[in-house]
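Notes for the structure review
Listed here are the chains, written in short residue letters.
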Amino acid sequence: EHVELFATAARLSGDGTHWLVPVHAWVYAPQHSRVRKTAISTLMWRKLGLRETSATRANFDRRSNLLFADNKRGRRLRVAIAGRRFELQPTRPNGHSHSEFEISAGDVEKYVRHGLLSVDVVLPDGDARKFAGHALVVPSVGLSVISDIDDTVKVSHVTDRARLMDATFFQDFSAVPGMAPLYAEWARQGATIHFVSSSPWHLYAPLNELLRQAGFPTATLALKQIRLKDSTILDLFKDASKTKPPAIEALLAAYPGRRFVLVGDSGEMDPEIYAGIARRRPGRIARILIRNVTQARP
């Protein structure tokens, strides 16, 4: 079994005495079903003209293995944070567990490094594996950037179904030129970065690898929750206008003293989604920045 610890964002309590540190974990066993992968590969060839090749096989195998992962329910994890140990809520049927812990401001100050607080899974004696993550320690005031991923910072071709599936399953992930230095400069000036995407949590690891290797600053990711064994698989195709706003609203609610810049593209309703949020939250949105990928008129 494998544990994925997703990056989260901690927030300071109202009285400033402690930090609220969320921990989000996924416990799963990777799957290597050639039957299932052959079925997907055949479907993509028949419907979209996409074929697995020797050059793309490694990408296809890894990403399809993650999508077909065997989620482990009822697992109880312990994690070490700031010199203390905490027990997470049992994992749900989708293998995910969400918990939040209070840690004194003094302890966090002692352990935080470069704005990050380490989170490590505590394993039984004799188990030498290491599953580690972190929480961004985000001040109560300041500027945060909430950004889309697909076609904003990652080349995905969302408006073309065949090219989207090719980029998602077969091709190496690639960053939009020039965006990593821009986001790095925002972070250097003190902004905190949060990515919100319609991609499923299953692809967190390869997406995070792309962001890190391309030079984007450390950020949180909010992705889509699906499970292949129940009706949530339909959420993979749910409109972004239904999935993105709740994730963005959660960040606005968690940091009432911060202002936000919303960054997206013209290919997936980001302008409409962001404009709606700005209308509902007057004074909270400092800027809306849209990358024009469809040649739409401003």
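Scroll up to find the structure.
Attention here is on the structure that accompanies the text. Per chain, residues are indexed from 1 in the order of the written sequence. Two thresholds apply to this predicted model, a pLDDT of at least 70 for residue-level local features and 80 or more for giving and counting side-chain atom pairs, whereas whole-chain, interface and lining totals are computed over all residues. As a rule here, side-chain values come from all non-hydrogen atoms in the structure, and water together with hydrogens is ignored.

Moving on, we come to the pattern of salt bridges. Definition used for salt bridges: Asp or Glu carboxyl oxygen within 4 Å of a side-chain nitrogen of Lys or Arg. Using the criterion set out here, one finds 16 salt bridges in the structure. Arg62 serves as the salt-bridge partner of Glu209, at 2.8 Å between the closest nitrogen and oxygen. Residue Glu209 is found in helix 6 (residues 204-214), and its partner Arg62 is found in helix 2 (residues 57-67); the two are separated by 147 residues along the sequence. Only protein chains enter the calculation, and the probe is 1.4 Å; a residue is then buried if its accessible area is under 20% of its type maximum, exposed if over 50%, and partly exposed in between. Relative accessible area serves as the criterion here: at 35%, Arg62 is assigned to the partly exposed category. Glu249 is paired through a salt bridge with Arg281; the nearest N and O atoms lie 2.8 Å apart. Of this pair, Glu249 sits in helix 7 (residues 240-254) while Arg281 is found in the loop between helix 8 (270-280) and strand 14 (285-291), placing the two residues 32 residues apart along the sequence. Given the relative accessible area of 31%, Arg281 is considered partly exposed. Where salt bridges share partners, they join Asp148, Lys244, Glu268 and Asp270 into one cluster. Only DSSP runs of H or I with at least four residues qualify as helices, and only runs of E with at least two residues qualify as strands; both kinds are numbered from the N terminus onward.

Aromatic ring pairs are reported here in terms of the distance separating the ring centres and the angle at which the planes meet. For Phe, Tyr and Trp, rings pair up if their centres lie within 6.5 Å, where Trp contributes its six-membered ring, and each pair is then called stacked (planes under 30 degrees apart), edge-to-face (over 60) or tilted (otherwise). Considering all chains together, one arrives at eleven aromatic pairs under this definition. Note on Phe60 and Phe170: the rings are 5.2 Å apart at their centroids and 10° apart in plane angle, and the pair reads as stacked. Residue Phe60 is found in helix 2, and its partner Phe170 is found in the loop between helix 4 (161-169) and helix 5 (179-188); the two are separated by 110 residues along the sequence. Across the pair, Phe170 and Phe60 agree in class, each one buried. When the centroid spacing of 5.5 Å and the interplanar angle of 80° are considered together, the rings of Tyr183 and Phe216 count as edge-to-face. One end of the pair, Tyr183, is in helix 5; the other, Phe216, is in the loop between helix 6 and strand 12 (219-224), with 33 residues separating them in the sequence. Both residues of the pair, Tyr183 and Phe216, belong to the buried class. In this structure an aromatic cluster arises from ring pairing among Tyr183, Trp186, Phe195 and Phe216.

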